[in-house]
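Spelled out from the first residue to the last, the chains are:
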Amino acid sequence: MTFKKFIPVSLMVAAFAALYILAAPYLKISTLWVPFISWPLYFIAGAKPSRLHKEIFGLAGGIIFGFLTIFFAFFSFLTSMLGSYSLAATVFVVAFLIVMLEMTDWFELAPAYFFAFAGYFAYVYGGFAGKLTTPTDYAMAMVPFFLLLMLGLGLGLVTAFLRKKILETEGVYGKDQETVFDKENRQM
């Protein structure tokens with residue numbers, strides 16, 4: 001594939017990103033950045049609809065691990081037992097579990113867990129979820145964050161479909177549609 005044939009794809013993705021930024025305030029989406037976590041994840045995971053369930057499990061799991069980290073580090077018996085070490089101990093356990101999930105079939109997409117885990121912390125501690133004081137507040141914050149991540153996956157799905165159609169219109173088919181990223185990702 002040539003740079004010239006790929007320019008329409010880049011323009012399409014750029015237009016989608018800009019339109020999302022323009023439309024988000026009208027849709028009352030104040031956290032513009034959240035879908036940009038899961039949108040590229042769709043491509044990192046191979047841009048295949050058949051892998052979508054693994055991305056959804058990974059993103060949901062990352063949010064759940066984020067909530068559990070906050071709960072065990074700040075609202076549980078670990079806080080009184082370990083004091084300032086409770087967060088490090090909880091993160092150790094969560095990171096260990098996420099990496100071990102790579103050995104499973106449906107739950108192996110560790111980057112999705114880590115992206116959602118880190119994003120959930122940014123969402124709740126950056127003030128995007130409002131004032132949170134109780135475990136219930138943190139649990140309720142998982143829902144809108146998850147929905148915004150699903151919006152990002154939807155954008156990934158649509159832009160991948162349009163990318164394929166644009167390239168086919170230009171006479172580029174199959175493996176010839178691969179970029180350097182695609183080829184390197186396939187070889188790993």
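Here's what I pulled together on the structure shown here.

1. Description of the side chain of threonine 90
Along the chain, the position of threonine 90 falls in helix α5 (residues 86-100). Polar contacts involving the side chain of threonine 90 include one to the main-chain carbonyl oxygen of serine 86, which spans 2.7 Å.

2. Focus on the packing of aromatic side chains
As enumerated under the stated definition, the model contains 15 aromatic pairs in all. Where phenylalanine 57 meets phenylalanine 107, the ring centres are 5.3 Å apart and the plane angle is 35 degrees; that geometry is what we call tilted. One end of the pair, phenylalanine 57, is in helix α3 (residues 52-74); the other, phenylalanine 107, is in the loop between α5 and α6 (110-125), and 50 residues separate them in sequence. Residue class for phenylalanine 57 comes out partly exposed when judged on its relative accessible area of 31%. With a relative accessible area of 37%, phenylalanine 107 lands in the partly exposed category.

3. Regarding a nonpolar patch on the surface
A cluster of nonpolar side chains, namely Phe92, Val93, Phe96, Leu97, Met100 and Met103, defines an oily patch on the protein surface of about 670 Å² accessible area. Checked against the element boundaries, methionine 103 lands in the loop between α5 and α6.

4. A look at helix α2 (residues 35-44)
Taken as a whole, α2 has its buried residues at Pro35, Ile37, Ser38, Trp39, Leu41 and Tyr42. Lining the buried residues of α2 we find α1 (3-23), α3, α6 and α7 (135-169). Glycine 46 sits one or two positions beyond α2 and adopts a positive phi of about 110 degrees.

5. Overview of the pattern of salt bridges
Counted by the stated rule, this structure contains six salt bridges. Across the pair lysine 54 and aspartate 105 runs a salt bridge, and its minimum N-O distance is 3.2 Å. Note that lysine 54 is positioned in helix α3 and aspartate 105 in the loop between α5 and α6, a separation of 51 residues in sequence. By sharing partners, the salt bridges in this structure join Arg51, Lys54, Asp105 and Glu108 into a single network.

6. Remarks on α1
Taking 1.5 Å of rise per residue, the 21 residues of α1 would be expected to cover 30 Å, and the 30 Å separating its terminal C-alpha atoms lies within 8% of that figure. Here α1 has its buried residues at Val9, Met12, Ala17 and Tyr20. Down the axis of α1, the buried side of the element spans an arc of 130 degrees, and every buried residue falls inside it. When the buried face of α1 is taken as reference, the exposed residues oriented beyond 90 degrees from it are Phe3, Lys4, Leu11, Leu19 and Leu22.

7. Some points on the environment of lysine 131
Tracing the chain through its elements places lysine 131 in the loop between α6 and α7. Relative accessible area serves as the criterion here: at 75%, lysine 131 is assigned to the exposed category. Counting along the chain gives 57 residues from lysine 131 to phenylalanine 74, while the straight-line C-alpha distance between them is 16 Å.

8. A word on the environment of phenylalanine 72
With respect to the element layout, phenylalanine 72 can be found in helix α3. Expressed as a C-alpha distance, the spacing of phenylalanine 72 and proline 135, which sit 63 residues apart in the sequence, is 10.0 Å. Among residues more than four places away in sequence, those in contact with phenylalanine 72 are Phe77, Leu78, Thr79 and Thr90.

Each value, and the rule that gives it
Residues numbered from 1 in each chain as written. Predicted model: local features only at pLDDT ≥ 70, side-chain atom pairs only at ≥ 80, totals over all residues. Heavy atoms only, no water. Helix = DSSP H or I, 4+ residues; strand = E, 2+ residues; numbered from the N terminus. Polar contact = N/O pair within 3.5 Å; in protein donor to acceptor, adjacent residues only side chain to side chain. Phe/Tyr/Trp six-rings, centres within 6.5 Å; stacked < 30°, edge-to-face > 60°. Buried < 20%, exposed > 50% of the residue type's maximum accessible area, 1.4 Å probe, protein only. Patch = residues over 30% accessible without salt bridge, like charges linked within 9 Å, V, L, I, M, F, W, Y side chains within 5 Å. Areas by Shrake-Rupley, 256 points an atom, 1.4 Å probe, with all protein chains shown as cover. Salt bridge = Lys/Arg side-chain N within 4 Å of Asp/Glu carboxyl O. Contact = heavy atoms within 4.5 Å. Expected span 1.5 Å × (residues − 1). Arc of directions from axis to C-beta.

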